[in-house]
Amino acid sequence: MRVEQQPAFVLHARPYRETSLLIECLTRDHGRIGVVARGVRKERARLQRAQLEPFQRVELDLLMRGELATLRAAEPSGAVLRLVGDAGLAGLYLNELVVRLTGRQDPNPELFALYELALQRMAAREPLAWTLRRFERDMLDALGYALQLDADALDGAPLDPAATYFYDPESGAMPGRAGDPRAIRGADLLALAQDMAPDTAGLASLRRMMRQVIAFHLGGGELRAWRVLR
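Thresholds applied
Residues numbered from 1 in each chain as written. Predicted model: local features only at pLDDT ≥ 70, side-chain atom pairs only at ≥ 80, totals over all residues. Heavy atoms only, no water. Helix = DSSP H or I, 4+ residues; strand = E, 2+ residues; numbered from the N terminus. Phe/Tyr/Trp six-rings, centres within 6.5 Å; stacked < 30°, edge-to-face > 60°. Lys NZ or Arg CZ within 6 Å of the ring centre and 35° of its normal. Pairing = 2+ DSSP bridges.

Summarise unusual backbone geometry; cite the residues concerned and give the values.
If you check the backbone angles, Gln 5 has positive phi at about 50° while not being a glycine. Among the structural elements, Gln 5 can be located in strand S1 (residues 2-16).

What follows is the structure, given as structure tokens:
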């Protein structure tokens, strides 16, 4: 099957055979796909590696055949997003998160839009920690793992902003106690639910919570980017 002008982002690339690359792409209409870019590592390659850089929206012409597609053409699309320093590390985290939590060829246009929005927010220098928490929340929702952030998992009562909870990935917010390393304020869970950035302490608590939730959905594993992101 031929696919033309498919909007996509490159998530990861590694050498493949002598002159090619094996690329993981997030596409709008086909989800995450593996793509073989033949010959792009040659000195005089018609298709330059610069056209396949992360964080740049591209339009791909592909030949879909089995699990891997073959790249026929790639053209930049839209404004070039410049992610440097911590924003670049955060962007690599998004890429790793998408690769680890999605299967190949599982269409999810909502996730594609969320990913692009997160890159735009980072390029605009919006607060990184809050941008990442919003993306994690919305990505989990798009994948069918929506967080329950406004009600007690035990009795369904609205969360008390002044109370302490911990978040169980399978059930939701549960009554907790101060001093528990999993403790999180009701106010911080509600802030995430209402898309309102909490204070610095709240963002730190939400980061710990989201890592626990994501690790659960990874089957107990962790992401390499967590070792460098604070």
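After presenting the structure, the write-up continues.
Any details on the packing of aromatic side chains? Residues and values, ideally.
As enumerated under the stated definition, the model contains two aromatic pairs in all. Aromatic pair Phe 9 and Phe 112: ring centres 5.4 Å apart, planes at 40°, arrangement tilted. Residue Phe 9 is found in strand S1, and its partner Phe 112 is found in helix H2 (residues 109-123); the two are separated by 103 residues along the sequence. Aromatic ring contacts, followed pair by pair, group Phe 9, Phe 112 and Tyr 115 into a single cluster. Note that Arg 182 overlies the ring of Phe 166, its terminal NZ or CZ placed 4.0 Å from the centroid.

Please set out the sheet that holds strand S7 (residues 172-175) residue by residue, giving values where relevant.
Taken in spatial order, the three strands make up an open sheet running S7-S6-S8, and their pairing is antiparallel. Unpaired on one side and paired on the other, S7 and strand S8 (184-185) mark the two borders of the sheet. Examined bridge by bridge, strand S6 (residues 164-168) and S7 share four bridges and lie antiparallel to one another. By the bridge assignment for S7, Tyr 165 is matched with Pro 175.

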